[in-house]
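Structural description and commentary
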Amino acid sequence: MPSMTQGELKSSVLNSNQNPNSPVASSLSKRQKIAEHKKTLPIASVEKRLIEEVQKNDILIIVGETGSGKTTQLPQFLFNAGFCREGKMVGISQPRRIAAVTVAKRVAEECDVQLGQRVGYSIRFDDTTSSSTRLKYMTDGFLLREALVDPLLSRYSVIIVDEAHERTVHTDVLLALLKKVQRDRSKAVDEIGGVLKGRKASPLKLIIMSASLDARVFSEYYGGARAVHVQGRQFPVDIFYTVHPESDYVDAALVTIFQIHLGEKEGDILVFLTGQDEIESVERLVQERLQHLPEDKRKLLPLAIFSALPSEKQMRVFAPAPIGFRKVVLATNIAETSITIPGIRYVVDPGFVKARSYNPSKGMESLDVVPTSKAQALQRSGRAGREGPGKCFRLYPEREFEKLDDSTKPEIKRCNLSNVILQLKALGIDDIVGFDFIDKPSRSSIVKALEELRLLGALTDDCKLEKPTGDQMARLPLDPVYSKALILANQFNCLEEMLITVAMLSVESIFYDPREKREEARISRNHFASIEGDHLTYLSVYRESNEFLEKRKAENSEAKVDKIMGKWCKDNFVNSRSLKHARDIYRQIRGNVEQMGFNVSSCGDDLLEYRRCLAASFFLKAAQRQMDGTYRALESGEIVHIHPTSVLFRSKPESVIFNELMQTSKKYIKNLTRIDPLWLAELAPHHYKTEE
DNA sequence: GAGCACTGC
């Protein structure tokens, strides 16, 4: 077995000879730098031991702190140890797209191979892998989809689930599924004499990597699996607490920001806040208070970052502050794991987060401000120690920290399960209540999702997958209710319109409304608005942008078109990233339905058929106006209000269907279209037969 | 008459 260094050197020499554009000298020094860096990673010293552990154990839990190098190095160790022989792959799953991409690029560079050769990544809309790929980074959602096509994951010798402590829905389903795949693979090896799809079958190795303090949860779940610890490398962060609880954490954050600015050494500040509104108001308050300082003390630059912020504005936080200035980045959770901002030495953590939860009996989601978990607080403070020693100011007393939950509740316990359950059913897993989840969702949540799937026609009365509808729905990468809408639209002859609609409904925040310019945004988008509702409004945004794009495409270069399109989005207060995402989804699901043999036809100007199709699809979410102008959601009986972002906010039609019911300051329905109340009984008689 | 943590197929 060649040592890692020899293996690296060999491949890189071969590669630099093939590339006439990279002078050998500079490539050598770059290579040396990479080799040096790799040697200094904490994980480098335990390569041999780790490989032995993988060889000895079919399941291994690796607890690695930030900066251990586990994500980039372990797959290379496995490659060098022969785990990719005979065309086998090592698959590494990540919760986020951005991580899959950046890590794959980094590892390709370390191996001195072109991305997509030995090392590649596969994420939705972007697959760089080829037949020679051996180390494949992907999102956990992508790996789940692969399991749907190849239930034994026969091309992999090892699957690594990274960031398992984050406990996303996809990770939790994957953890359970991989347990089953491993069992099934071993069985296949015994039964068919070791031949699997023409290849020699071998058991699947499973590695669960987590940054949590506690490997016990995973170890116990896998029957007492072996757990090893790999040291991390972080700079020390001093934690400070307040003496007393703060009644107004926004004000406390402001005070802390200025204390740091006026009293601490150079270094940027990162403040964790709960949402756009809060961030925008703190941004304004920082500006205001700066005006009261002497001019030489005003060199503090507030910058906002949150998911709905257009990319150009997001980019600003990554640029270094102007000479002499200190940045104060006001961020949501996005800065906790998803992005890393350079230059941060101080973290201000009020200790709150906006968290989604789900009430299955009412079919209602809510978004509440709740205290963070200990793990979250730790993750936040760690953000101050990426580049040097840092300080973290927690805006609550130390005794409050002790009272926090150890970790955040797994997402699977606080979301709608209809999609998860449909996927499991499609995988042939029928007993959902008895399914071996690491954390079981509540029975009522499972029952509610089964009921919804039955009403949508995805499951039979005895909860088996309905053929072909259930199969078709499971194949589409959409919320089941949107998949059903496409199947119905095929019958209503408005598939083209519905493809656009569900693509637009599948992305978050198509519109960008900065707090100060809300009226301006509303006026400039007014020409899209349809009196029938939000669905038709989305349709016209998509179509208008598409026409605009197609016209410009003929006359301009691609880069120019992007720029012009960016301007169009900005003028219309449309989020260009979201619109692009919707276009990608449209293209993908159009391909999917065409593969299913659907003919993509348009209803043209017959929008009545389209609205009837919306009613037939979303009948489970209908609401009726009451005498007092509020609405009653028919399914749950809840009294609800039209969300102010809806184009129907003012007109208040008698009867509507909607897509989302969410409680924030009130119970709001979002994304609605006006319907004739009689349609419900006509189009969904199995559900509304008793309605008058 | 008034508002939108994050990720993913």
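Not measured: the values here are computed from a predicted model.

Observations regarding the overall build of chain A
Across its full length, chain A holds 25 helices and 23 strands. What you see for chain A is a C-alpha radius of gyration of 27 Å, in line with the 26 Å of a compact globule of 692 residues. In terms of principal-axis extent, the alpha carbons of chain A reach across some 80 × 75 × 60 Å. Counting across all 692 residues of chain A, residues that qualify as buried make up 41%. When contacts within chain A are restricted to residue pairs at least 6 apart in sequence, those whose partners lie at least 24 apart make up 71%.

Quick word on the UniProt feature "domain: Helicase C-terminal" (unreviewed entry) in chain A
UniProt marks residues 256-428 with the feature "domain: Helicase C-terminal" (unreviewed entry), using the numbering shown here. Spanning residues 256-428, this segment combines 30% helix with 25% strand, and its end C-alpha atoms are found 55 Å apart.

Observations concerning helix H10 (residues 276-290)
For H10, with 15 residues, the first-to-last C-alpha span of 21 Å sits near the 21 Å given by 1.5 Å per residue. Looking at H10, one finds that the buried residues are Gln 276, Glu 278, Ile 279, Val 282 and Val 286. In an axial view of H10, the angular spread of the buried residues amounts to 160 degrees, which keeps them on one side of the axis. Every exposed residue of H10 that faces more than 90 degrees away from the buried side is listed here: Asp 277 and Glu 288. Structurally, H10 contributes buried residues whose contacts are with helix H9 (249-263), strand S13 (300-305) and strand S14 (326-331).

Regarding the environment of Asp 277
Take Asp 277: it is sitting in helix H10. For Asp 277, a count of 11 C-beta atoms within 10 Å corresponds to the exposed category. Placed 237 residues apart in sequence, Asp 277 and Pro 514 show a C-alpha to C-alpha distance of 8.9 Å.

Brief notes about the sheet that holds strand S6 (residues 156-161)
A sheet is described by the order of its strands in space; here eight strands give the open sequence S4-S3-S5-S2-S6-S9-S1-S10, paired in mixed fashion. Strands at the two margins of the open sheet, each flanked by one partner only, are strand S4 (126-127) and strand S10 (226-230). The sheet contact formed by strand S1 (residues 59-64) and S10 spans five bridges and is parallel. For Ile 61, the partnering residue across the bridge sits in S10 and is Ala 227.

Digging into the environment of Tyr 586
Following the sequence through the fold, Tyr 586 ends up in helix H22 (residues 576-595). When the C-alpha atoms of Tyr 586 and Thr 501 are compared, they prove to be 8.9 Å apart, with 85 residues separating the residues in sequence. The residues touching Tyr 586, leaving out its near neighbours within four places in the chain, are Leu 499, Ile 500 and Ala 503.

A few points about the environment of Gly 141
Within the secondary structure layout, Gly 141 lies in helix H6 (residues 140-149). As a C-alpha pair, Gly 141 and Arg 124 span 17 residues in sequence and 8.7 Å in three-dimensional space.

Quick look at the protein's contact with DNA strand B
Close to DNA strand B lie 38 residues; Arg 97, Gly 141, Gly 275, Ser 307 and Thr 664 are nearest. Here the residues of the surface near DNA strand B sort into twelve nonpolar, 15 polar and eleven charged.

A look at the confidence of the model for chain A
Confidence along chain A averages 87 in pLDDT terms, with 93% of residues attaining 70 or more. Below a pLDDT of 50 lies the segment residues 1-23, which in the model reaches 23 contacts outside its immediate sequence neighbourhood of four places, other chains included.

Remarks on the nonpolar core
Counting residues in each nonpolar core, the largest one holds 140 residues, and the members touching the most others are Val 90, Leu 486 and Ile 657. Setting aside residues no more than four positions away along its own chain, Val 90 makes contact with Pro 75, Leu 78, Phe 79, Phe 83, Cys 84, Arg 134, Leu 135, Ser 157, Val 158 and Ile 160. By size, the runner-up hydrophobic cluster in this structure holds 34 residues, among which are Val 282, Leu 300, Ala 331 and Tyr 346.

Considering the pairing of strand S18 (residues 390-394)
A large share of S18 lies buried, amounting to five of its five residues. Residues Gly 390, Cys 392 and Arg 394 of S18 are buried on one face, and the alternating residues Lys 391 and Phe 393, pointing to the opposite face, are buried as well. As paired strands, strand S11 (residues 237-241) and S18 are joined by five bridges and run parallel to one another. Counted as the bridge partner of Ile 239 is Cys 392 from S18. Bridging between strand S15 (residues 344-349) and S18 involves four bridges; their strand directions are parallel.

Remarks on unusual backbone geometry
Residues Lys 467 and Pro 468 are joined by a peptide bond in cis, for which omega reads 0 degrees. On the secondary structure map, Pro 468 appears in the loop between helix H15 (443-455) and helix H16 (469-475). One non-glycine residue with positive phi stands out, namely Arg 167, at about 55 degrees. Relative to the helices and strands, Arg 167 resides in the loop between S6 and helix H7 (169-191).

So, the packing of helix H14 (residues 418-426) against H15
One can describe the packing of H14 onto H15 by two numbers: an axis separation of 9 Å at closest approach and a directional angle of 70 degrees. Of the possible angle classes, the one that applies to H14 and H15 is roughly perpendicular. Across the interface between the two elements, Ser 418, Ile 421 and Leu 422 from H14 touch Ile 446, Ala 449, Leu 450, Glu 452 and Leu 453 from H15. Considered class by class, the residues forming the contact of H14 with H15 number six nonpolar, one polar and one charged.

A word on the packing of helix H20 (residues 534-555) against helix H21 (residues 558-571)
Packed helices, taken two at a time, are described by the angle their axes make and the gap between the axes. Closest axis-to-axis distance for the H20/H21 pair is 10 Å, and the angle between their directions is 150 degrees. Taken together, H20 and H21 sit at an angle that is classed as roughly antiparallel. In this structure, H20 meets H21 at a crossing whose hand is right-handed. Every residue of H21 that contacts H20 at Ser 545, Phe 548, Leu 549, Arg 552 and Lys 553 is listed here: Val 561, Ile 564, Met 565 and Trp 568. When its residues are assigned to classes, the contact of H20 with H21 shows six nonpolar, one polar and two charged.

A look at the domain arrangement of chain A
Often, the extent of an interface is quoted as the loss of accessible area on bringing the components together. Each assigned domain of chain A is listed with its residue range as follows: domain 1 (4-230), domain 2 (237-409), domain 3 (412-475), domain 4 (476-600) and domain 5 (618-692). A C-alpha centroid distance of 25 Å is found between domain 3 and domain 5.

Re H20
Its 22 residues place the ends of H20 32 Å apart at the C-alpha level, agreeing with the 32 Å of an ideal helix rising 1.5 Å per residue. Buried within H20 are the following residues: Asp 534, His 535, Leu 536, Thr 537, Tyr 538, Leu 539, Val 541, Tyr 542 and Ser 545. Packed against the buried residues of H20 are helix H18 (495-505), H21, H22, helix H23 (607-617) and strand S23 (667-674).

So, how was this worked out
- Each residue is numbered by its place in its chain's sequence as written, counting from 1.
- Following the order in which they are written, the chains are lettered starting with A and the ligands numbered starting with 1.
- In view of the model being predicted, local features appear only for residues whose pLDDT reaches at least 70, and side-chain atom pairs are presented and counted only at 80 or more, with totals across whole chains, interfaces and linings using the full set of residues.
- Numbering goes from the N terminus for both helices and strands, where a helix is a DSSP run of H or I of at least four residues and a strand is a run of E of at least two.
- Radius of gyration here uses only the C-alpha atoms, and the compact-globule reference equals 2.2 Å multiplied by the residue count raised to the power 0.38.
- Note on burial: count the other C-beta atoms lying within 10 Å of the residue's C-beta; 20 or more is buried, 12 or fewer is exposed, in between is partly exposed, and C-beta positions come from the backbone.
- Note on contacts: residues are paired as contacts if their backbone-placed C-beta atoms lie within 7 Å.
- UniProt positions are given in the numbering used here, feature names are shortened, and annotations may be inferred rather than shown by experiment.
- Given the number of residues in a helix, its expected span is that number minus one, multiplied by 1.5 Å.
- Picture the helix axis, draw a direction to every C-beta atom, and the arc is the one those directions span.
- Strand pairing is defined by DSSP finding a minimum of two bridges between the two strands.
- By definition, a residue lies near a molecule or strand provided its backbone-derived C-beta atom is within 6 Å of it.
- Residues are sorted three ways: Asp, Glu, Lys and Arg are charged, Ala, Val, Leu, Ile, Met, Phe, Trp, Tyr, Cys and Pro are nonpolar, and all the rest, Gly among them, are polar.
- One number per residue, pLDDT, summarises how confident the predictor is, and it ranges from 0 to 100.
- Any set of buried Ala, Val, Leu, Ile, Met, Phe, Trp, Tyr and Cys residues joined through C-beta atoms within 7 Å is what this text calls a nonpolar core.
- All axes are obtained by fitting lines to C-alpha atoms, using only the stretch in contact for helices, and the reported angles, taken between N-to-C directions, cover 0 to 180 degrees.
- Angular relationships are summarised with four words: roughly parallel below 35 degrees, roughly antiparallel beyond 145, roughly perpendicular across 65 to 115, and oblique for the angles in between.
- Less than a right angle of anticlockwise turn of the near helix away from the far helix marks a crossing as left-handed, whereas a clockwise turn marks it as right-handed.
- As annotated, the domain borders come from an automatic or database domain assignment.

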